[in-house]
Every structure is written in C-alpha cells, then in structure tokens.
Amino acid sequence: MKDLIQQLVETTGPSGYESQVRELVIKNISKFSKDIKTDSMGNVIARMGTKKAGGSRIMVSAHMDEIGIIATHIDENGFIRFTTIGGVRAANCIGGRVLFLNGARGVIFMEKLENPGHTPGFDQLYIDCGFSGRKDCTITVGDMAVFDRPFTDLGNRVISKAMDDRIGVAIQIEVMRQFKNSPHELVFVFSTQEEVGLRGATTSAYGVDPEIGLSIDVTLTGDTPKSIKMAVALGKGPAIKVRDGGMLADPRLVKLMIDTAEKNSIPYQLEVLEGGTTDAKAIQLTRSGVPSGCVSIPCRYVHSPSEMVDMNDVENAIKLILSLISSPIDL
Ligand code: CO
Ligand code: ZN
C-alpha cells in the first residue's frame, strides 16, 4: 500500500487542478467499479453494490486536492508574488520549495524584515525560480504551485506534503479493493476543491443524494512538544469524529462507529477538533440533511510540507470503514 500512497502524494493537485490525481485514482479503481463518472466539478464518483433489505445509499468521500499557492504578480527581475490556495501558513513556507504545474521549481523566501522577531505576512514573501528577469520567466499570473517534497518512509510512519488528503484517497481505494458484500449502495466520491471550502463535496453530495454520509480525512494531534490540547495521538487508532469547526457528527453514527470498533477490536480515538472541517459537513447539509460522520487519520504538522501519519492508523481506518459499511445500518 505504501507504493500507492507514494504515487498519490507525489502527484501534483492543488484545488481546482486535480486532473493528475484524478487520472491516477481512475486507473486504480477501474478494476473495482463498473460505474465511474467524473462530474462537471471534476469529482470522481464510483458506485459499488446495490441497495438490499436494510441497506442505505452511503456516500463516502475523500478529497483529491491539496493546498498550494497561486502567482499574483511577477516583477521585472522575475520574482513571483503569490497568495494562498487553502490554509497555507507563512511560517511553513520560508525556505521551502514549490513545484508549479508547468514543472518549474522555486524557493520561497522573504524580504528583509523590519521586525525579525515577527513571522512575515504573505505580502513579504516571494518565489525565486532562478529566472534572470521577466523575459525568461515561464510563470504567469494565475499559475499554481504546491509544496515540493518527496515522500519519506520512516517505517511505521510516513511523511509527505500531501497526506491531507491523499492518505484518505489511498484508504478509500483500499476499501474499494477489499470490499466484498454489503446491503448498501455505496457511492465513493473522490472530491475536488475541499481545501477552498468543500466545493466538490457540496455539488457531488447534492447529485448523489445519499442517506448516510462519511468522509475520510486527516485531523490534528496533541502529542508533540507543547502542542495544542487534544486527545488524539499518532498510532493510537483512527479517530472517530465527534465534532469539528463545521460539523457535529450524527451522534447515532458516532455510537455505531464506536460499537463497530469495539466489536471488531479495532483501536480508536474520539476526535474533538476546534477548527477546520471536512467533506462530511457538506454531505450533512445537502438537500434536507443527511446523517454524517467522519473517520479521521491522526496527522502531525497538517498543512505543512511534512505531514506525518502512522501506518497502523491507516490499516485500522480501513478495517473500521469496511466493518461499518458491510452490515445493515439502523440509526
Ligand atoms: Co486540509
Ligand atoms: Zn483534508
């Protein structure tokens, strides 16, 4: 599975420009689903199984896009000013590298600071792709880039610039691979533009019209030096979301997930995330409302070039989701 993760995380796909990820996803799931469609927002929608007695239409969603930057201005010396796509923080950028969609690479650096003790704002940062001036600059205003970092395998733990949410994409592909039988009609959505406001999930949830919603995404941890206070740690199991900044998970679904984990001896944690949200929020609020929940993968350094997850959490998330969707759901 690490090969699949590596391929997914090393593919470039900032919000709205997910096409390379989409191709890789379709290549990997065409063996498992005979009904795969791409909608006008670029979401990949793959169906498996039909609804039988006690079954529901379940939408499961993982987002294909990653955070990035977009060029706003290029000066006469070829230095590129930029703004963010999704939740990029300036402190995570300085000295880092970026890879543009056209293959150009550059380093992000900062102007001389008036107050060196303060983190600079994005208006004080620029990208240097090594151009000698505007004439040989291959970047134009509106071009997008992502963090440029290779996949790193530490053994149990793996690092990448795009674990958010390619690890969810990999889990969803693995769930499709291992899926055998269920009373449910399953609709697996690989969504677009999550990082800029759940846009792909918003339209796909409307189109799918699910009866139950589930997202697979990363969450923060509270297990690093002087970190936020949060009862989620790397390696202690997938986190069952209770609450995040945009959603109160359906309590019946939370209970079902806890019962399912306990019955199958799958380690789990309970997640209360102060900020941020996932595709499940968009599913929950579509049409007249849908009971929704989320299986979260604990992840350190979210939205930095070095997001770290634990492979045991990944394996246990797959088990939990498979168990959940294999039995009738009576809320
Ligand atoms: Co994110
Ligand atoms: Zn995410």
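Now for a quick tour of the structure. Predicted, not measured: the structure shown is a model, and the values here were computed from it.

Topic: the sheet that holds strand E2 (residues 44–48)
Turning to step 1, where the next piece is worked out: Taken in spatial order, the eight strands line up as E1-E2-E12-E3-E13-E16-E14-E15 in an open sheet, and their pairing is mixed. What marks the edges here is a single partner per strand, and that holds for strand E1 (35–38) and strand E15 (269–272). Within this sheet the neighbouring strands show an average axis-to-axis angle of 25 degrees, counted without direction.
Turning to step 2, where the next piece is worked out: In this sheet, strand E16 (residues 292–298) lies alongside strand E14 (residues 239–243) in antiparallel orientation, the contact comprising two bridges. Paired with Ala 239 across the two strands is Ser 296, which belongs to E16.

Quick notes on the coordination of the cobalt ion (ligand 1)
Turning to step 1, where the next piece is worked out: Of the protein atoms, only Asp 164 (OD), Glu 195 (OE), Glu 195 (OE) and His 303 (NE2) coordinate the cobalt ion (ligand 1), at distances of 1.8 to 2.6 Å.
Turning to step 2, where the next piece is worked out: Given four donor atoms and angles of 55 to 146 degrees at the metal, the environment of the cobalt ion (ligand 1) is assigned as irregular.
Turning to step 3, where the next piece is worked out: Mapping the donors of the cobalt ion (ligand 1) onto the primary sequence yields the spacing D-x30-E-x107-H.
Turning to step 4, where the next piece is worked out: Between the cobalt ion (ligand 1) and the zinc ion (ligand 2), a spacing of 3.3 Å is present, and a bridge between the two is formed by Asp 164. In this pair, Asp 164 is assigned in helix H3 (residues 163–178) and Glu 195 in the loop between strand E12 (185–191) and helix H4 (199–208), connecting sequence segments 31 residues apart. The pair Asp 164 / Glu 195 is uniform in exposure class, with both members buried.

Quick word on the packing of helix H1 (residues 2–9) against helix H2 (residues 19–29)
Turning to step 1, where the next piece is worked out: The N-to-C vectors of H1 and H2 enclose an angle of 155 degrees; their axes lie 10 Å apart at closest approach. If you check the angle between H1 and H2, you find them roughly antiparallel. For the pair H1 and H2, the contacting residues are Leu 4, Gln 7 and Leu 8 in the first and Val 21, Leu 24, Val 25, Lys 27 and Asn 28 in the second.
Turning to step 2, where the next piece is worked out: Split by residue class, the contact of H1 with H2 holds five nonpolar, two polar and one charged.

Observations regarding the coordination of the zinc ion (ligand 2)
Ideal geometry at a metal centre: 109.5 degrees between donors when four sit tetrahedrally, and 90 or 180 degrees when six sit octahedrally.
Turning to step 1, where the next piece is worked out: Coordination of the zinc ion (ligand 2) by the protein is provided by His 63 (NE2), Asp 164 (OD), Asp 217 (OD) and Asp 217 (OD), with metal-donor distances spanning 1.9 to 2.6 Å.
Turning to step 2, where the next piece is worked out: Between the four donor atoms coordinating the zinc ion (ligand 2), the angles at the centre fall across 52 to 148 degrees, so the site counts as irregular.
Turning to step 3, where the next piece is worked out: The sequence pattern formed by the donor residues of the zinc ion (ligand 2) is H-x100-D-x52-D.

Some points on the packing of H2 against H3
Turning to step 1, where the next piece is worked out: One way to put it is that H2 packs onto H3 with a least axis distance of 10 Å and a crossing angle of 20 degrees. Here H3 runs roughly parallel to H2, going by the angle between their axes. Here H2 runs over H3; the crossing is right-handed. Every residue of H3 that contacts H2 at Val 21, Val 25, Asn 28 and Ile 29 is listed here: Arg 166, Val 169, Ile 173 and Met 176.

Description of the side chain of Ser 61
Turning to step 1, where the next piece is worked out: Here Ser 61 is to be found in strand E3 (residues 57–63).
Turning to step 2, where the next piece is worked out: Look at Ser 61 and you get buried, because its relative accessible area is 1%.
Turning to step 3, where the next piece is worked out: When neighbours within four sequence positions are excluded, Ser 61 is seen to be in contact with Gln 172, Val 189, Ser 191, Leu 214, Ser 215, Ile 216, Asp 279 and Ile 283.

Rules used in this analysis
Residues numbered from 1 in each chain as written. Chains lettered and ligands numbered in written order. Predicted model: local features only at pLDDT ≥ 70, side-chain atom pairs only at ≥ 80, totals over all residues. Heavy atoms only, no water. Pairing = 2+ DSSP bridges. Helix = DSSP H or I, 4+ residues; strand = E, 2+ residues; numbered from the N terminus. Axes fitted to C-alpha atoms, helices over the stretch in contact; angles between N-to-C directions. Donors = N, O, S within 2.8 Å, 3.2 Å for Na, K, Ca; no water. Tetrahedral: all angles 85-135°; square planar, octahedral: opposite > 155°, others 65-115°. Buried < 20%, exposed > 50% of the residue type's maximum accessible area, 1.4 Å probe, protein only. Parallel < 35°, antiparallel > 145°, perpendicular 65-115°, else oblique. Contact = heavy atoms within 4.5 Å. Nonpolar A, V, L, I, M, F, W, Y, C, P; charged D, E, K, R; others polar. Left-handed = near helix turned anticlockwise from the far one by under 90°.

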